[in-house]
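# Structural features, examined
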2 protein chains.
Amino acid sequence: MDDGFTGFRIGVAGLGLIGGSLAKAFKSTGLYVAGFDSAKSVVSAALKEGAVDAAGCEPSILFDCDIIFAALYPAGIVQFVKSNAPRFKTGSVVVDCCGIKNKVCAELYSAELGGNFTFIGGHPMAGTENSGYSASYAELFRGASFILTPKSSENSVIIEKLRDILLKAGFGRVVVTTPQHHDRMIAFTSQLPHVLACSYVMSPCCPQHDGFSAGSFRDISRVAHINPELWSQLFIENKDELCDEIDIMIKNMQAIRDAAASGDKHTLAALLQKARDIKDACACGGQDAGKI
Amino acid sequence: MDDGFTGFRIGVAGLGLIGGSLAKAFKSTGLYVAGFDSAKSVVSAALKEGAVDAAGCEPSILFDCDIIFAALYPAGIVQFVKSNAPRFKTGSVVVDCCGIKNKVCAELYSAELGGNFTFIGGHPMAGTENSGYSASYAELFRGASFILTPKSSENSVIIEKLRDILLKAGFGRVVVTTPQHHDRMIAFTSQLPHVLACSYVMSPCCPQHDGFSAGSFRDISRVAHINPELWSQLFIENKDELCDEIDIMIKNMQAIRDAAASGDKHTLAALLQKARDIKDACACGGQDAGKI
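In this report, we go over the structure that sits alongside the text. Note that the structure is predicted; figures quoted are calculated from it, not measured. (Residues numbered from 1 in each chain as written. Chains lettered and ligands numbered in written order. Predicted model: local features only at pLDDT ≥ 70, side-chain atom pairs only at ≥ 80, totals over all residues. Heavy atoms only, no water.)

Taken as a whole and assessed by the stated rule, the structure comprises 36 salt bridges over all chains. In this structure, arginine 184 of chain A engages glutamate 245 of chain A in a salt bridge whose closest nitrogen and oxygen atoms are separated by 3.1 Å. On the criterion of sequence distance, the pair formed by arginine 184 of chain A in helix H6 (residues 179-201) and glutamate 245 of chain A in helix H9 (residues 239-261) is long-range, its members being 61 residues apart. With a shortest N-O distance of 3.2 Å, arginine 218 of chain B and aspartate 219 of chain B are connected by a salt bridge. In this structure aspartate 219 of chain B comes out as buried when scored by relative accessible area, which is 11%. Overlapping salt bridges, with partners in common, bring together Glu129 and Arg222 of chain A together with Arg218 and Asp219 of chain B in one network. (Salt bridge = Lys/Arg side-chain N within 4 Å of Asp/Glu carboxyl O. Helix = DSSP H or I, 4+ residues; strand = E, 2+ residues; numbered from the N terminus. Buried < 20%, exposed > 50% of the residue type's maximum accessible area, 1.4 Å probe, protein only.)

Right under this line is the structure:
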């Protein structure tokens, strides 16, 4: 039975943790996947491993693809789309995968790109503390959200098509929102935890943790194994939203600190109860809830 | 072959997450285990489940035990040890399991307790975000540290005995240190992550996280499912060390915030690289490293 994707070609630009995992996820569904990466060693590894049907160190390998996922660093996305715009396949869709959307979408939605394709901002909501092709795996996105921040509702047919193919590849759901809302939410859900992990391990106690630590230490410090180049770009490109969230966080920490410092058990227990109530209410959602 | 524990009796006071898990872990090694809990329903459940050989709602159930683990709230430990001191078995050892050691040890090491037993401060380094007997399980402490903060080196024979029996029950190692060093390290490895989780979920963004979150959110917020009564006691009893760690954390967050806010990518990337280096160096240790 034709599921609407017979002969369909997926392209992936950048075969790092995210792009490599996307390529493997789509490949596992039986779709044709082409990969572009500037590193020859990555291209060889992806071909050898069967993560892609075709791969090369030039973007031209993607020019006959119907949907291209651009999994590049923030600084490289706009340049990649603009410089290859005239050569993308007519009617094709290019979706970026970068962790900030305001800046990328503002530049690419307002530009006269030329060519006959549609660009849509995107962000697959999964990752690990590791990076690079060697860290990629087909199941990374199993059950995860793929967030899309399209220019306007005129993209609704494209979005339905993207949703079909993303769910087929293992994503749990597709969430459509504005670049602005995306960036605020991601400042909280993703960027702030990275700030916290990095700030945490810089305590003088950290090197002595062995023998005194358990799950809390492991979880809070996990993403301190960070990619400094990528995340410094992401933080700076979203600095207003991120700084707001850091300020809120510090204010909340100060409230707990002050209650503890003054021995005010009533206020302290009330703050912790409030946190627990919020956490318990949040936990009702999850990756299976309310697909759009 | 006699392993030195034939006929040995373990007692556990307080069959919550920690005490219930200790009882189950010791029981699984074939040792006799008696349990005391003030809640009748917990005593019944522990007996029914076979987590203990004997159990009751009075401490007297523990009076023929050779080693008693007191897994009670901080506020209850001193009272429990003092009021039952004359009745503990001659030559027995009472180890508490509470997350702060300065205050408990100061009170119990200086007191004339009466009786013919030895009290040693202790802290099994595992837990979950859940609490109560129903959350307990035999494997909770598999590979974990058990920290002991004895009064003096005259306890070395007892400590060797405790070490043998704790390793037998699945702990990865026994760490011996001072109450002061314990409390500083625990402020960092355990209390601070709980402050962070609670402060984090109090952001106005938290209730909207669904669809925008992945592993970072899950890990940082996990322990916000907190026991407010227990942790407000722990925070206040260790407030000096905890407030120091909160202040260091806020200073580190401010440094990252300032670098992002001013768009200073060089400084920001250097801070993140520093964090990564520390994290990577820390990760070499782990629960198998350097048993004492």
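Having seen the structure, we can now continue with the description.
Where strands meet in a sheet, backbone hydrogen bonds hold them as pairs that are either parallel or antiparallel. All names here are of chain B. Taken in spatial order, the eight strands line up as S3-S2-S1-S4-S5-S6-S7-S8 in an open sheet, and their pairing is mixed. Two strands in the sheet have a free side with no partner beyond their single neighbour: strand S3 (54-56) and strand S8 (173-176). Between one strand axis and the next, the sheet turns by 25 degrees as a mean value, whatever way the strands run. As paired strands, strand S1 (residues 9-13) and strand S2 (residues 32-36) are joined by five bridges and run parallel to one another. Across the sheet, the residue bridging to valine 12 is glycine 35, located in S2. Against the sheet, helix H6 (residues 179-201) engages strand S6 (118-124) and strand S7 (145-149), with an angle of about 140 degrees to S7. (Pairing = 2+ DSSP bridges. Axes fitted to C-alpha atoms, helices over the stretch in contact; angles between N-to-C directions. Contact = heavy atoms within 4.5 Å.)

Our next topic: empty space enclosed by the protein. Tallied over the entire structure, the rule returns two cavities of 30 Å³ or more. What the largest cavity holds in volume is close to 50 Å³. For the lining of the largest cavity, the secondary-structure elements that each account for two or more residues are helix H7 (215-221) of chain A together with helix H7 (215-221) of chain B. By residue class, the composition of the lining of the largest cavity is four nonpolar, one polar and three charged. Put simply, the second largest cavity is a space of about 40 Å³. Along the walls of the second largest cavity sit Pro193, Asp219, Ile220, Arg222 and Val223 of chain A together with Ser216, Asp219 and Ile220 of chain B, which together make up its complete lining. Put simply, the parts of the chain that give the lining of the second largest cavity at least two residues each are H7 of chain A together with H7 of chain B. Looking at the lining of the second largest cavity residue by residue, the class counts come to four nonpolar, one polar and three charged. (1 Å grid on protein atoms, 1.4 Å probe; cavity = no way out; pocket = protein on both sides within 12 Å on 5 of 7 lines; lining within 4 Å. Points joined across faces, edges and corners; volume = space filled by probe spheres on them. Nonpolar A, V, L, I, M, F, W, Y, C, P; charged D, E, K, R; others polar.)

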